[in-house]
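Spelled out from the first residue to the last, the chains are:
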Amino acid sequence: MVPSLPKKKKRVASCKYLIWENDVKYRGWLSKSTLGLSHAFCKVCNRDFTVDHGGLNDVSKHSSTALHQKSFNAQNITKAV
Ligand SMILES: [Zn+2]
């Protein structure tokens, strides 16, 4: 068992979006927010959410919210049919 915890290293803010957008877990629905680097935009929910506190943690937190899951599943169904 190898824990894959992200290292607590300060990154250049603009870089994290490149990492997130290329991550298979977030690719397709995560985007830059028009509100700035403290926010990310979820294409699935069509809304901005803050990533100022936990960064990638906030992203995974958002991806596990009921709203996101619902929107994500709805989108998948639409795509599949
Ligand atoms: Zn979402």
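Quick note: structure is the one above.
My aim in this report is to walk through the structure given alongside it, one point at a time. (Residues numbered from 1 in each chain as written. Predicted model: local features only at pLDDT ≥ 70, side-chain atom pairs only at ≥ 80, totals over all residues.)

Considering the nonpolar core
1) Next: Counting residues in hydrophobic clusters, the biggest one holds nine residues: Y26, W29, L30, A40, C42, V44, F49, V51 and V59.
2) Next: Setting aside residues up to four positions removed in sequence, A40 forms contacts with L30, S33, F49, V51 and V59. (Core = buried A, V, L, I, M, F, W, Y, C linked by C-beta atoms within 7 Å. Buried ≥ 20, exposed ≤ 12 C-beta atoms within 10 Å, placed from the backbone. Contact = placed C-beta atoms within 7 Å.)

Some remarks on the sheet that holds strand β1 (residues 30-32)
1) Next: Across the sheet, which stays open at both edges, the three strands sit in the order β1-β2-β3 with antiparallel pairing between neighbours. With one partner strand each, in any of the chains shown, β1 and β3 (47-50) form the two edges of the open sheet. Each strand of the sheet is rotated relative to its neighbour by a mean of 40°, with strand direction disregarded.
2) Next: Note: β1 against strand β2 (residues 39-42), three bridges, orientation antiparallel. Looking at β2, one finds that L30 is bridged to C42.
3) Next: Contacting β1, β2 and β3, helix α2 (residues 56-63) runs over the sheet at an angle of about 130° to β3. (Pairing = 2+ DSSP bridges. Helix = DSSP H or I, 4+ residues; strand = E, 2+ residues; numbered from the N terminus. Axes fitted to C-alpha atoms, helices over the stretch in contact; angles between N-to-C directions.)

Treat this as a map of the structure, not an account of what it does.
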